[in-house]
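Below are the chains, spelled out letter by letter.
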Amino acid sequence: MATIDPHSHYDTDQPRTRHLRLNWFVDFENRQINGSVTLELEKPSAGFFDLDTKALAIRSAYGQNGEDIPFEFGGEDPILGRRLRLDLPEGTALITIDYTTSSEAVALQWFEPELTLGKRHPFMYSQCQAIHARTIVPCQDTPRVRVSYNAAVTVPEKLAAVMSAGPAGILPERGPGTRTFLFHMPQPVPPYLFAIAVGDLQSRDLSPRARVWAEPGMVNKAAYEFGEVEQMIATAERLFGPYEWDRYDMLVLPPAFPYGGMENPRMTFLTPTVIAGDRSLVDVIAHELAHSWTGNLVTNASMDHFWLNEGFTTWAERRILDAIHGEKASALRWAIGQKALDESVARFGSDSPLTKLRTDLKGVDPDEAFSSIPYEKGARFVTLLERHAGRERFDRFMRAYINAFRFTSITTEEFLAFLEQELPGAAAAVNADAWLYRPGMPANAPIFKSEQLDELVAAAEAFAAGELPSPQQLANRDSSELLVFLQSLPRRLDRASLDWLDQNLGLTRRGNYEILVEWLTIAAGSDYEPVFERVREVLLEVGRMKYLRPLYSALGKQARTRALAREIYLQGKANYHSLSRRVIESVMEKYSEEVNS
Ligand code: BES
Ligand code: ZN
């Protein structure tokens, strides 16, 4: 037996699944999906066949002629879940499994109507990356096994279902008071890209191939915010080759969504915190769209090669912004990314194996290993290659890379072999070994300089030294500039400085969450009482881990803000996603260490 993914029971000696037929009944009352999956194997097979499952109740398994297939569970592993071992009779080509998900399925978040925008209908959505697909369907849950799929999804009749797939019609009343949405996903995808959402959803067209879905109260705002999307798709096609997924739709989720965006094919899932009102946070769209090439077409073989997804995509996101909004805008994005990178390296320690690009996550939960390192260290490594080859030559390389590996899942080493073939000597010239296999930041990291950046950092340093900028000097800045300024300020300021900032820049009332959270982090960490209520509102509303981590950490610095954090967490706990809860709890565990020291 041979396993190749530290987070899956998939055995390379066994046949691969090539297609799934999902037959789901979404039960809001019990917070379960009930139904079956039929797995189509690449060839008729016999003997042991292992699947990944986590918190699934399996009722029965049978083959194409209805004959029972015996099965047994392996032991429970806290990260991987349980292996489901089926013993296939000779000639098995189709396996149907009847099952029910648990109300604890990590991939699913369920909302009572009160927690939605409209307050009248329930809502649910899935988030399968990194290894949670196995909590909604028994499958070979590794990116090495790509599958196409069909689905029939029965939901209460007032609600709509969307998936990371093409719509294939709606059937009335499979059961009383229901509608059944049909889907077809012809392109093979890794299981972490399965996705579903059900709720009171409406859509607006943005172009012939792009549309946004959201609750009715949000859909017009969202349509304005994402109005540039067709231009982004066209730009990305010019850079990376044809868009291969037919449509590019987007879904705005409730604010409890633990991420900024998720690149589910044909249907990017998004936090509503990207809707700033002025299109200032559309880099998230550029990022998720870019995954249509780097990630969804060329996919990491396992989470040990996650940088192949996120490093290339972060680099691509900035190339798209660069083409649409110019180099000034992308230089600021690189600076903002540098800050996130420094923080992640500091959190793990610069000699931690988690700071390598190529990781070894056997026994490590990928959600615990998550950080900005694969994104920002990865994107800097790609930039070094780009600078070494020259932009034109590197762009040709990128198109060749995507074309060579489209619809496959590859390792760092497979990437390196292709790089050596196409750009001989490039890897050695940039010291790829240090970037990929050694911790910390190599000495030849690229530097992104701009005058504007220097100016903003200088203004922040002057401010910290007691020199007030003229309000106009900052008021005319766009959001990224203001964010760079705030990020360059000390983490603790005196009351007069904080008063000045809020009075002159209106920070507590900002609609741009990047700015709002950066400000609240400084203010809360400075024990600045006037923001406490706004901090509470944000923490009770938003589940995006990128915002929860700094805010809860900042609240840990003083006794009274620690008490506030504990109180807010108790109040909000039930409504957080389980992943968000884990992040907050790990932050709060460190509170007591600080008190003791
Ligand atoms: N694929 C990621 C989100 C993800 C990663 C979910 C790992 C689960 C496990 C997505 O593309 C992403 O990177 N989102 C970022 C967007 C940002 C970098 C523009 C986010 O959520 O903040
Ligand atoms: Zn990403």
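Each value, and the rule that gives it
- Residues numbered from 1 in each chain as written.
- Chains lettered and ligands numbered in written order.
- Predicted model: local features only at pLDDT ≥ 70, side-chain atom pairs only at ≥ 80, totals over all residues.
- Heavy atoms only, no water.
- Pairing = 2+ DSSP bridges.
- Helix = DSSP H or I, 4+ residues; strand = E, 2+ residues; numbered from the N terminus.
- Donors = N, O, S within 2.8 Å, 3.2 Å for Na, K, Ca; no water.
- Tetrahedral: all angles 85-135°; square planar, octahedral: opposite > 155°, others 65-115°.
- Buried < 20%, exposed > 50% of the residue type's maximum accessible area, 1.4 Å probe, protein only.
- Axes fitted to C-alpha atoms, helices over the stretch in contact; angles between N-to-C directions.
- Near = heavy atom within 4 Å.
- Polar contact = N/O pair within 3.5 Å; in protein donor to acceptor, adjacent residues only side chain to side chain.
- Areas by Shrake-Rupley, 256 points an atom, 1.4 Å probe, with all protein chains shown as cover.
- Disulfide = S-S within 2.5 Å.
- Contact = heavy atoms within 4.5 Å.
- Expected span 1.5 Å × (residues − 1).
- Parallel < 35°, antiparallel > 145°, perpendicular 65-115°, else oblique.
- Left-handed = near helix turned anticlockwise from the far one by under 90°.
- Nonpolar A, V, L, I, M, F, W, Y, C, P; charged D, E, K, R; others polar.

Visitor: Please set out the pairing of strand E10 (residues 166-172) residue by residue, giving values where relevant.
Guide: One ladder, built from five bridges, connects E10 with strand E11 (residues 178-189); its direction is antiparallel. The residue of E11 that forms the bridge with Ile170 is Phe181. Where E10 folds back onto E11 in an antiparallel hairpin, the turn is made up of five residues, including Glu173, whose phi is positive at roughly 35°.

Visitor: Can you tell me about the coordination of the zinc ion (ligand 2), naming the residues and giving the values?
Guide: Bound to the zinc ion (ligand 2) on the protein side are His287 (NE2), His291 (NE2), Glu310 (OE) and Glu310 (OE), at distances that span 2.0 to 2.7 Å. Geometry at the zinc ion (ligand 2) is irregular, judged from the six donor atoms that bind it and their angles of 53 to 159° at the metal. The sequence pattern formed by the donor residues of the zinc ion (ligand 2) is H-x3-H-x18-E. Of the two residues, His291 is situated in the loop between helix H3 (283-290) and strand E18 (298-300) and Glu310 in helix H4 (residues 306-325); the sequence distance between them amounts to 19 residues. There is no split in this pair, since His291 and Glu310 are both buried.

Visitor: So what about the pairing of strand E8 (residues 147-156)? Which residues, and what values?
Guide: The buried fraction of E8 amounts to eight of the 10 residues, a majority that puts the element mostly inside the structure. Pairing analysis gives seven bridges linking strand E1 (residues 17-27) to E8, with the strands arranged parallel. Residue Leu20 lies in a different strand from E8, and its bridge partner there is Tyr149. Where E8 meets E11, nine bridges bridge the pair, whose relative direction is antiparallel. Looking at the pairing, Val155 lines up with Arg179 of E11.

Visitor: Describe the sheet that holds strand E9 (residues 160-163), naming the residues involved and giving the relevant values.
Guide: Spatially, E6-E7-E12-E9 is the arrangement adopted by the four strands of the open sheet, whose pairing is antiparallel. At either margin of the open sheet sits one strand with a lone partner, and together these are strand E6 (108-111) and E9. Sheet twist, expressed as the mean angle between neighbouring strand axes with direction ignored, is 10°. Strand direction decides the pairing type here: E9 and strand E12 (residues 196-199), joined by four bridges, are antiparallel. In the sheet register, Ala160 faces E12, and the bridge partner there is Gly199.

Visitor: Give a description of the site of ligand 1 that names residues and reports values.
Guide: Neighbouring ligand 1 are 17 residues, the closest being Gln129, Gly260, Glu263, Glu288 and Tyr375. At a separation of 2.5 Å, an oxygen atom of ligand 1 approaches a polar backbone atom of Gly260. Alone, ligand 1 offers 530 Å² of accessible surface; in the complex the protein occludes 92% of this. Those elements giving two or more residues to the shell around ligand 1 turn out to be strand E16 (261-262), H3 and H4.

Visitor: Residue-level account of the state of the cysteines, with values.
Guide: According to the stated counting rule, one finds zero disulfides in the structure shown. Summary of cysteine pairing: Cys128 is not part of a disulfide, and the nearest cysteine sulfur, belonging to Cys139, is at 8.1 Å. Looking at Cys128, the relative accessible area reads 2%, which means it is buried. Using a relative accessible area of 4% as the deciding quantity, one classes Cys139 as buried.

Visitor: Outline unusual backbone geometry, supporting the account with residue identities and numerical values.
Guide: Here the bond from Gln129 into Ala130 is cis, since omega is 5°, no more than 30 degrees from zero. With phi around 55°, Ala55 is a residue other than glycine that occupies positive phi space. Relative to the assigned elements, Ala55 resides in the loop between strand E2 (32-53) and strand E3 (56-62). In the Ramachandran plot, Asn431 falls in the positive-phi region, its phi being about 60° despite a non-glycine side chain.

Visitor: Could you give an account of the sheet that holds strand E13 (residues 202-207), naming the residues involved and the relevant values?
Guide: Strands sit in the order E13-E14-E15-E17-E16 across an open sheet of five strands; the sheet is mixed. Edge strands, defined here as strands with exactly one partner in the open sheet, are E13 and E16. One ladder, built from five bridges, connects E13 with strand E14 (residues 210-214); its direction is antiparallel. Looking across to E14, one finds that Gln202 is bridged to Ala214. Lying over the sheet, helix H2 (residues 229-240) contacts E13, E14 and strand E15 (248-252), oriented at roughly 135° with respect to E15. Helix-sheet contacts for H3 involve E15, E16 and strand E17 (267-270), and the interaxial angle to E15 is about 130°.

Visitor: If you had to explain helix H7 (residues 373-389) to someone new, which residues and values would you point to?
Guide: For H7, with 17 residues, the first-to-last C-alpha span of 23 Å sits near the 24 Å given by 1.5 Å per residue. Taken across its 17 residues, H7 has 15 buried, putting it largely inside the fold. Looking at the residues trailing H7, positive phi occurs at Gly390, about 95°.

Visitor: Would you mind going over the packing of helix H12 (residues 451-464) against helix H14 (residues 479-487) in detail, with residue names and values included?
Guide: Running from amino to carboxyl end, H12 crosses H14 at an angle of 45°, the nearest separation of the two axes being 8 Å. Taken together, the axes of H12 and H14 are oblique relative to one another. Like other packed secondary-structure pairs, H12 and H14 cross with a definite hand, here right-handed. Contacts between H12 and H14 pair Gln452, Leu453, Leu456, Ala459, Ala460 and Phe463 from the former with Glu481, Val484 and Phe485 from the latter. Class assignment for the residues of the contact of H12 with H14 results in seven nonpolar, one polar and one charged.

Visitor: Which residues make up the environment of Tyr569, and what values do they have?
Guide: Here Tyr569 is to be found in helix H19 (residues 559-572). In this structure, the C-alpha to C-alpha distance between Tyr569 and Met588, residues 19 residues apart in sequence, is 9.7 Å. Sequence-distant contacts of Tyr569, that is, excluding residues within four places in its chain, are made with Tyr552, Tyr576, Arg581, Ile584, Glu585 and Met588.

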